[in-house]
Amino acid sequence: AVHMLAEELLGPALESRATSVELAVTRDGAASGQTVDGIRFKRDQMTKEQGVQLADFIKSVAGLDVEDRRRRQRGMCRVRGPAGRHDLTVTTAGSSSGLTLRIEIDREKQLSRPFDQLGLLPSQREAFSRLWPEEERHGIVLVAAPAGQGLRTSMLSLLARHDAYTSNIKSFEREIELELEGVDHVRYDAANRDADYATQLQSILRRDPDVVQTGFVLDAETAKVVVGPGMEGPLLYVPMRAGSVAECLQQWVKLVGDAKAASRSLRTVSVQRLVRTLCPNCRQPYTPTAEQRAKLHLPADKVQQLYRPGGQVLVKNKPEPCPICRGTGYLGQTGIFEVMPVDKAMRKTLGEGDLKGAYAAARRNKMMYLQEAAIQKVASGDTSIEEVARVTASASSGGAAKPRPAAPAPA
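Residues numbered from 1 in each chain as written. Predicted model: local features only at pLDDT ≥ 70, side-chain atom pairs only at ≥ 80, totals over all residues. Heavy atoms only, no water.

Asks: What exactly am I supposed to notice about the overall build of the protein here?
Replies: Assigned secondary structure in the protein consists of 14 helices and 17 strands. Its C-alpha atoms give the protein a radius of gyration of 23 Å, within 12% of the compact-globule value 22 Å for 411 residues. In terms of principal-axis extent, the alpha carbons of the protein reach across some 65 × 65 × 40 Å. In the protein, which comprises 411 residues, the share counted as buried stands at 48%. Long-range contacts, defined here as pairs at least 24 residues apart, represent 63% of the contacts in the protein between residues at least 6 apart. Entry remark: accessible area of the protein is about 20800 Å², with carbon and sulfur atoms responsible for 49%. Counting 57 positive and 49 negative side-chain charges, the protein places the centres of these two groups 4 Å from one another. (Helix = DSSP H or I, 4+ residues; strand = E, 2+ residues; numbered from the N terminus. Rg over C-alpha atoms; globule rule 2.2 N^0.38 Å. Buried < 20%, exposed > 50% of the residue type's maximum accessible area, 1.4 Å probe, protein only. Contact = heavy atoms within 4.5 Å. Areas by Shrake-Rupley, 256 points an atom, 1.4 Å probe, with all protein chains shown as cover. Lys, Arg positive; Asp, Glu negative; His and termini not counted. Charge placed at Lys NZ, Arg CZ, Asp CG, Glu CD.)

Asks: Teacher, can you tell me more about unusual backbone geometry here?
Replies: With glycine set apart, most residues show a phi of negative sign, and most peptide bonds adopt trans. Unlike most non-glycine residues, arginine 17 shows phi in positive territory, near 65 degrees. Its place among the elements puts arginine 17 in the loop between helix H1 (2–15) and strand E1 (20–26). A relative accessible area of 22% means that arginine 17 is categorised as partly exposed. Phi is positive for lysine 316, close to 55 degrees, though the residue is something other than glycine. Summarising the element assignment, lysine 316 is placed in the loop between strand E15 (312–315) and strand E16 (318–321). The class for lysine 316 is exposed, based on a relative accessible area of 80%.

Asks: What is the right way to look at the sheet that holds strand E4 (residues 73–81) in this model?
Replies: Sheets are built from strands paired through backbone hydrogen bonds, the pairs being either parallel or antiparallel. Across the sheet, 6 strands lie side by side as E3-E2-E1-E6-E5-E4; this open sheet has antiparallel pairing. The open sheet has two edge strands, strand E3 (39–42) and E4, and neither has a second partner. Sheet twist, expressed as the average angle between the axes of neighbouring strands with direction ignored, equals 25 degrees. When strand E5 (residues 84–95) meets strand E6 (residues 98–105), the two strands line up antiparallel, connected through 8 bridges. Bridging across to E6, threonine 91 finds its partner in arginine 102. (Pairing = 2+ DSSP bridges. Axes fitted to C-alpha atoms, helices over the stretch in contact; angles between N-to-C directions.)

Asks: Even after reading the chapter, I still don't get the packing of helix H11 (residues 344–351) against helix H12 (residues 355–364), so can you show me in this structure?
Replies: A packed helix pair is summarised by two numbers, namely the angle formed by the two axes and the spacing between the axes. Axis separation between H11 and H12 bottoms out at 7 Å; the angle between their running directions is 160 degrees. When the axis of H11 is compared with that of H12, the two are roughly antiparallel. As for the relative orientation of H11 and H12, their crossing is left-handed in sense. Across the interface between the two elements, Met346, Thr349 and Leu350 of H11 pack against Leu355, Gly357, Ala358, Ala361 and Ala362 of H12. The class makeup of the residues in the contact of H11 with H12 is 6 nonpolar, 2 polar and no charged. (Parallel < 35°, antiparallel > 145°, perpendicular 65-115°, else oblique. Left-handed = near helix turned anticlockwise from the far one by under 90°. Nonpolar A, V, L, I, M, F, W, Y, C, P; charged D, E, K, R; others polar.)

Asks: How should the packing of helix H6 (residues 197–205) against helix H7 (residues 220–227) be read in this particular structure?
Replies: Contact geometry of H6 with H7 gives a least axis separation of 8 Å together with a crossing angle of 10 degrees. If you check the angle between H6 and H7, you find them roughly parallel. Where H6 approaches H7, its residues Tyr197, Ala198, Leu201, Gln202 and Leu205 are matched on the opposing element by Glu221, Thr222, Val225 and Val226. Among the residues forming the contact of H6 with H7, the class breakdown is 6 nonpolar, 2 polar and 1 charged.

Asks: When you look at empty space enclosed by the protein in this model, what are you seeing that I'm missing?
Replies: A water-sized probe rolled over the atoms picks out the places where empty space is left. Using the criterion set out here, one finds 2 cavities of 30 Å³ or more in the structure. In this structure, the largest cavity encloses a volume near 40 Å³. Around the largest cavity sit Leu118, Leu120, Phe128, Val143, Ser154, Leu158, Ser270, Gln272 and Phe337, which together line it. Mapped onto the lining of the largest cavity, the elements with two or more residues apiece are helix H5 (151–160) and strand E12 (266–278). (1 Å grid on protein atoms, 1.4 Å probe; cavity = no way out; pocket = protein on both sides within 12 Å on 5 of 7 lines; lining within 4 Å. Points joined across faces, edges and corners; volume = space filled by probe spheres on them.)

From the geometry alone we can't say anything about function, so treat these as descriptive.
Written as structure tokens, this is what we have:
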């Protein structure tokens, strides 16, 4: 019976191209859901007893301690079925309110994406490419996104752009998600009471690396260690949880405690969101109205048509769910970015606390706002106006879009 529960949980998720499945067990019962292209869909409810049995079964298959219901545990296993063979990363944790179990499907593939496939526009890729030459590998790059918006993938992709065989590249992480060939991945030892994160990071920087990826900077002491080497030190990629370039810079200045020190070695600030890409098999073309063109600043001589999600195809003149996207109208995700290169004059402006002045200088240098980058994705047919509205609305409110009530049915 529990094996059948596992198949009922995982089978539809795999067929629907889900990237993760979640199970939450409380006193009142068990609820499950799955995430497809960044959207969470609710699944059928089950009893508390069924939820506990299912969680224990999956934990045992993944090699976790079934009896330990409190400690956070992570393990791996594989599944094979009609949808093919997949690697599952299972993470569990418990508290007085209940148990949570999360299954990530083919996580390594999710995290591995080439730099030119992140979704950066040509001018934005060029801004990052200025950091690759040996003489330019100095200073701080802030890479920011809200949770669940592809930040880890972008960080790994940026790190992979550097030649690990001619450069000394280190990554100092609280949890190693994916190991890159040639990169020295160092895991933070939280059990070492004699050396906190800042102290251990300082030790790494003293070994004269060329490129360093830090973990999230959570305290002022770590921030001071990061800014310490200045423009003479290595190139440091620093992840941040922020929804805009302005918010990212404000957080960074607050952590460092001094605007001049915080901006002294800044090279680039990048913020991103993920948008769903339209299914090429069922997307529907349409001609935008004059009002839509004006609102989106679309030139009539270059953009003749846009696309909206379809979700259906005609089979013998009968509409049926698209077999490629399973009726959602979307297939995969891509990033939209706001990238601010920071030059010497802008560092001085930021050091004086003039964020508006720095933004104005960036705009003079043709920096593109996040919404402008998204509209370019619409114009190229990669995504839809509706999807951009969903993502940018959540960006302005700082929250996530509301989930749909039901999962897409497998074809």
